[in-house]
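Analysis of the macromolecular model
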Amino acid sequence: MLATLAVLTAVPAQALDPATPLRDYHHTIWTSKDGAPAEITSMAQTPDGWLWLGTPTGIYRFDGVRFEPYVPPPGSKLLHSRISNLVAMPNGDLMIGYVWPGFSVRHADGRLEHLAQAQDSLMSVYSVARDIDGSLWVTSGQGVRRWANGKWQVIGPASGLEGLVAISLADQHGRLYLGSDKGTFVLNRDSGRFERIDAAPSDALVETPDGQLWAGAGDRLQRLPTPAPTLRRPDWLAPSRASVNSQFDHDGNLWTVRCPVGLCLLRGADQRNQPVVASRDATDKLDQPWQVSNLSTNLLLEDHLGNIWMATQAGLERFRNSAMLPAKVGGADGFYTLARGDDGEVWVSDRRKHNVWQLTPGQPPRAHADYDFVAADRNGALLMAGPTALTRRRGQRVEQIAWPAEPGSYATYAVVDDGRRLWLKLADRRTFVLVDGQWRKRSAVMESGYINSAVDGDGKMWFVSSKGVVSHFDNGVVRTAWSPEQHGITAICGIFAGGEVLLAGENGVAVLRDGQWTKLNTDQPAALSNVTGMTASANGDRWLNGGHGVLRITQADWQDAMTHPERLLRYTLFDAADGYAGEAATGVWDNTALTDSKGKLWFASTSGLWRLDPDKLWRSTLQPRVEILLLQADAAYAPQDQLRLPAGTVQLRIDYTGLGTDKPEKLRFQYRLDGIDQDWQEAGQRRSAYYTNLGPGAYRFLLRAVNENNVSSKEASLDFGIDPTVTQTGWFKAALALLAATLLYLLYRQRLRINTRRALERFNLRVEERESIARDLHDTLLQSMQGVIYSVKAIAMDLPPQEPMRHAMDRTVKLATDALVEGRDRVSELRAEAATRLNLSDALQATAAEHAGAGLQIAVRSEGAPRELHPVVHDELLLMGRECLLNAIRHARASEVNVVLQWGERALKLVVSDNGVGMPAEVAAAQSKPGHWGLEGLHERAHRLQAGLELETGAGGTVWRISVPATLAYRRRASEAEA
């Protein structure tokens, strides 16, 4: 904060241009409709750039754009709302005097401290001065008080003072002055008493910029003797307090209110040796009701940028330098054309009323009734159109050119000289061309008509038709033409030639490069809309008069844009904030921008004529300062460290501002909320940021701004946090996650039980089907076969023992009996009788023993306690294990095969591994082999069992892992099954 104050107070003011009349300054008025308070009784500008306003309803502060009432920090308040005096100190403190008893100071850090309470006798404060020792001298309706060492001291007649003291001033020399109705007094430091230096009544003590002291009453001031040498007035002094009557500006001009009404200005007053009376000696005045917000003017203040502020009964007013100054000629605003004369004069034609004026520096406009239009030819001569002839004049040389012989009015709309021809367009839309001293109709020279044109060299012209066709005319021949589709500019309003060819319309400006039109790009798409004027200043800068104001492009930026038109064009915009009113005139179909012979720039707009002196453009190098004002959520929060917002805050607004710039309305803001914004957000001139759908957490808001001169501010930041609601806390989310996981687990278990039950139902159904088949086989096929055996055996018994047929029949009976026994065994297996079936381990052992051979070791082992298996699982696993075992024996070329049966609580696992050569990669990837069905059968059986099947194979061997959930594999007891 202190660094900012030091910078601002060190910047010298840029005074108002003394050559500008009061009426031509950029004069802005704020009244109640703009939010300004009425009846402002005191003003002061603190070094941070805030303008403070004291009123009968409290204190307001103003950033140049928005008024806001002053709200003291929490826990403090103003003693009264009726403010009598405000004075800013160099350290940023603001002294506050009241109409009623009390005295306060708002410190630079925002603290509010009361130096005199409501019960004290100090009231109706008139002025405050800070002495060299830091003490305060306060004048009020109760006399003079001095604040030093934390207490008040009454300064009475014993100190040498006389009369009612109204004003105090501590100057840069260390002298203290007091003014009363009995004269002006200075404090003698040696004696400690006041001495009279002038007997005239004094309610005003003001310093000139060079340090001379003036005193007086009302609108009368006189110079007081000032000991030599004098020191210049400190830059902080003028903004620190408002004057109730007169104020010297940075250049020594005297501004006075109530003279007797309105505002008076006496230029060069500081150079006068005689007393001045503003109402009598003023060189300029604003004393008419339409010139100010109210003729009852109260206060004057010069800010640290040199602008003059005036308070009235109705509001607040500001005077500052205006880049654009009006040139009043009294014609029809919006229909002017411009022509350059020889000695700095400019000729203006009114196309609607056909009037002509000559504007000469330092002289009022001069009307020329003999002419209705003036233009300039290629060599700078004036082409002056009259009712009977066209006059070409350059200095003393005059040439008369008769109009065409064709009868009719020759009220001229435009005359253009291309160096070889004169192109004449009349108000009645007839067009002629002067070729070799003879007038011809335009159609005899060029077939199509035109609404706009530009000269591009001797005999060369650019024309735009009413249909938007752009043509290049070269000494009688149309060389090239572009349709609207080819150049892309709509509603063309201007074409400009001279180095580059530019085409302007409602959608921007295009430049011709290598036979192709390329649009120029800007950060604001509408910046180049409706450009009707272009000119260049002496330093090569280009000036474009368009629909949003005048654009200045430096020579370097212009060359860059012509070389790389795809890049963003850098420019400075001069608009209403710079004094330019209206927009570029589009109804004249002519260039609305001109550089005169003295280097001044002229522009025609819909509101009149404007002139600009490039040599008087002041570029402030002062760095703007941004400030975060308020965070609005459920309530308003002032910026502070460790700011916490209540739980449930989801949307907020952050208000901010920018200070310390000559044109605060042109500040461009950027902001970013870390945690939300990925990049800086362009806010333009908006002074609030809005956010919604915020969650709990820590945030940092960053703010910066750029002024009209592209000087950037430092960043300001605000850290704040949003507390979580109960449902946003970590433990609540963890509890929800746990609950969700539990529900998912329960759903999984429920689904697993359902799937297991369905699988068991399928298994049991298969068992029932097998048992049904077994019964049918036993009751039909096996019984019938038993009968056949008995019949054959009975027949054989009737044959002699030596009969060959008997031997054959005995053999047949034996084979049939063996088949019957095997059939009974199979039926027993179908009936799934656990007592007769080998357990799975033994069955696998039997299979291994059956296929073991030389050079191959097969080991079968069981881990865990064996349990009774569901018949279907038993048979399917046996078949799957047999398939895996046979694959290892037949294809793996292994020396060892291990079969492990793991009886687990969660699953029954069968692992078959070998140390063979492994499967071919393509077979392992496809999980099948053309013409072989073993692998596909394994997968089909696993699917039916809802079993997991994994294969690992490589150069070191192959491993099959089969896993069946315990709920499916193990046969449950009846009680479990019922459950």
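One can find the structure itself at the top, above this paragraph.
The numbering scheme is per chain: residues are counted from 1 as the chain's sequence reads. At least 70 in pLDDT is required for a residue's local features to be given in this predicted model, at least 80 for side-chain atom pairs to be given and counted, and no such filter applies to totals for whole chains, interfaces and linings, which use all residues. Hydrogen atoms and water are omitted, and side-chain values are computed over all heavy atoms in the structure.

1. Quick look at the overall build of the protein chain
A run of H or I in DSSP becomes a helix once it reaches four residues, and a run of E becomes a strand once it reaches two; helices and strands are each numbered from the N terminus. Each helix and strand in the protein chain was counted, giving 14 helices and 70 strands. Each radius of gyration reported is based on C-alpha atoms, and the globular scaling rule is 2.2 Å times the count of residues to the power 0.38. Computed over the C-alpha atoms, the radius of gyration of the protein chain is 52 Å, more than 25% above the 30 Å expected from 2.2 N^0.38 for a compact globule of 979 residues. Viewed in the frame of its principal axes, the protein chain has a C-alpha envelope of about 175 × 100 × 45 Å. In what follows, residue pairs with any heavy atoms lying within 4.5 Å of each other are defined as contacts. At a minimum sequence separation of 6, the contacts of the protein chain that also span at least 24 residues come to 53%. Counting rule applied: Lys, Arg positive; Asp, Glu negative; His and chain ends not counted. Lysine's charge is taken at NZ, arginine's at CZ, aspartate's at CG and glutamate's at CD. Across the protein chain, 106 positive and 112 negative side-chain charges occur, with their mean positions spaced 1 Å apart.

2. A word on the sheet that holds strand S10 (residues 125-130)
Strand order in this open sheet of 4 strands is S10-S11-S12-S13, and the pairing throughout is antiparallel. Whereas interior strands pair on both sides, the edge strands pair on one side only; in this sheet they are S10 and strand S13 (151-155). When strand polarity is set aside, the average angle formed by the axes of neighbouring strands in this sheet is 25°. Pairing of strand S11 (residues 136-140) with strand S12 (residues 143-148) involves 5 bridges; the strand directions are antiparallel. Each residue of the ladder has a partner; that of threonine 139, found in S12, is valine 144. Two strands are counted as paired when DSSP detects at least two bridges linking them. With axes taken as lines fitted to C-alpha atoms, and helix axes fitted only over the stretch in contact, angles between N-to-C directions fall between 0 and 180 degrees.

3. Quick notes on the state of the cysteines
Simply put, disulfide is the name for a covalent bond between the sulfur atoms of two cysteines. The disulfide criterion is simple: two cysteine sulfur atoms within 2.5 Å. Tallying each qualifying case throughout the model produces 1 disulfide. At a sulfur-sulfur separation of 2.0 Å, the disulfide partner of cysteine 259 is cysteine 264. Linking cysteine 259 and cysteine 264, the disulfide has an S-S dihedral of approximately 100° and is accordingly described as right-handed. Each residue is placed in one exposure class: buried if its accessible area under a 1.4 Å probe, protein chains only, is under 20% of its type's maximum, exposed if it is over 50%, and partly exposed if it falls in between. Note on cysteine 259: relative accessible area 1%, which makes it buried. For cysteine 264, a relative accessible area of 1% puts it in the buried group.

4. Concerning the packing of helix H10 (residues 871-891) against helix H12 (residues 934-945)
Viewed as axis vectors pointing N to C, H10 and H12 meet at an angle of 155°, and their least axial separation amounts to 10 Å. Here H10 lies roughly antiparallel to H12, going by the angle between them. With respect to the hand of their crossing, H10 and H12 are arranged in left-handed fashion. On the side of H10, the interface is formed by Val873, Glu876, Leu879, Met880, Glu883, Cys884 and Asn887, while H12 contributes Gly934, Leu935, Leu938, Arg941, Ala942, Arg944 and Leu945. For this classification, Asp, Glu, Lys and Arg are treated as charged, while Ala, Val, Leu, Ile, Met, Phe, Trp, Tyr, Cys and Pro are nonpolar and the rest, including Gly, are polar. Of the residues belonging to the contact of H10 with H12, the class tally is 8 nonpolar, 2 polar and 4 charged. Each angle is binned into one of four classes, with values under 35 degrees roughly parallel, values over 145 roughly antiparallel, values of 65 to 115 roughly perpendicular, and all other values oblique. Handedness of each helix crossing follows the sense of rotation of the near helix against the far helix: counterclockwise by less than a right angle gives left-handed, clockwise gives right-handed.

5. Some details on the pattern of salt bridges
Each salt bridge in this description consists of a side-chain nitrogen of Lys or Arg and a carboxyl oxygen of Asp or Glu lying within 4 Å of one another. According to the stated counting rule, one finds 44 salt bridges in the structure shown. For the salt bridge of aspartate 662 with lysine 663, the shortest nitrogen-to-oxygen distance reads 3.7 Å. With a relative accessible area of 12%, lysine 663 lands in the buried category. Among the ionic pairs, arginine 944 bridges to glutamate 876, the shortest N-O distance being 3.7 Å. Of this pair, arginine 944 sits in helix H12 while glutamate 876 sits in helix H10, placing them 68 residues apart in sequence. Each of Asp48, Arg61, Glu68, Arg625 and Glu627 takes part in one network of salt bridges that share partners.

6. Looking at the sheet that holds strand S65 (residues 716-722)
Across the sheet, 5 strands lie side by side as S59-S65-S64-S61-S62; this open sheet has mixed pairing. Because the sheet does not close on itself, it has two edges, and the strands there are strand S59 (643-645) and strand S62 (681-684). The sheet shows a mean angle of 30° between the axes of neighbouring strands, taken without regard to direction. Sheet topology places strand S61 (residues 668-674) next to S62; 3 bridges connect them, and they run antiparallel. Directly across from tyrosine 671, in S62, lies its bridge partner glutamine 681.

7. Some remarks on unusual backbone geometry
The omega torsion of the bond from cysteine 259 to proline 260 falls at -10°, within 30 degrees of zero and hence cis. Mapped onto the secondary structure, proline 260 falls in the loop between strand S22 (254-257) and strand S23 (263-266). We note that glutamate 39 has phi near 55°; this positive angle belongs to a residue other than glycine. Within the secondary structure, glutamate 39 sits in the loop between strand S1 (26-31) and strand S2 (42-45). Its identity as a non-glycine residue notwithstanding, glutamine 642 has a phi of 55°, on the positive side. Structurally, glutamine 642 is set in the loop between strand S58 (636-637) and S59.

8. With respect to the packing of aromatic side chains
The aromatic pairing rule takes the rings of Phe, Tyr and Trp, using the six-membered ring of Trp, and pairs them if the centres are within 6.5 Å, calling planes under 30 degrees apart stacked, those over 60 edge-to-face and the rest tilted. Under the defined criterion, the tally for this structure stands at 34 aromatic pairs. Judged by centre distance (5.7 Å) and plane angle (75°), the ring pair of tryptophan 52 and tyrosine 70 falls under edge-to-face. Here tryptophan 52, found in strand S3 (residues 51-55), pairs with tyrosine 70, found in the loop between strand S5 (67-69) and strand S6 (83-88); they are 18 residues apart in sequence, far enough to count as distant. For tryptophan 52, a relative accessible area of 0% corresponds to the buried category. Centroid distance tryptophan 462 to tryptophan 517: 6.4 Å. Interplanar angle 80°. Geometry classified as edge-to-face.

9. Quick notes on a nonpolar patch on the surface
A cluster of nonpolar residues, Leu736, Leu739, Leu743, Tyr745, Leu746 and Tyr748, forms a patch on the protein surface that exposes about 620 Å² of accessible area. Inspection of the secondary structure puts leucine 739 in helix H7 (residues 730-798). Residues qualify for a patch when their relative accessible area is over 30% and they have no salt bridge, like charges being joined within 9 Å and the nonpolar side chains of Val, Leu, Ile, Met, Phe, Trp and Tyr within 5 Å. For accessible areas, the Shrake-Rupley method is used with a probe of radius 1.4 Å. Any residue's cover is judged against the shown protein chains and nothing else.

10. Digging into the side chain of threonine 595
As for its placement among the helices and strands, threonine 595 is situated in strand S54 (residues 593-595). Among the residues examined, threonine 595 registers a relative accessible area of 11% and is labelled buried. One polar contact links threonine 595 to threonine 535, side chain to side chain, over a distance of 2.6 Å. Those residues in contact with threonine 595 that sit more than four places away from it in its chain are Arg340, Thr535, Ala536, Ser537, Lys600 and Leu601. Polar contact is defined as a pair of N or O atoms within 3.5 Å, subject to the rule that within protein one atom must be able to donate a hydrogen and the other to accept it, and that residues adjacent in sequence are counted only when both atoms are side-chain atoms.

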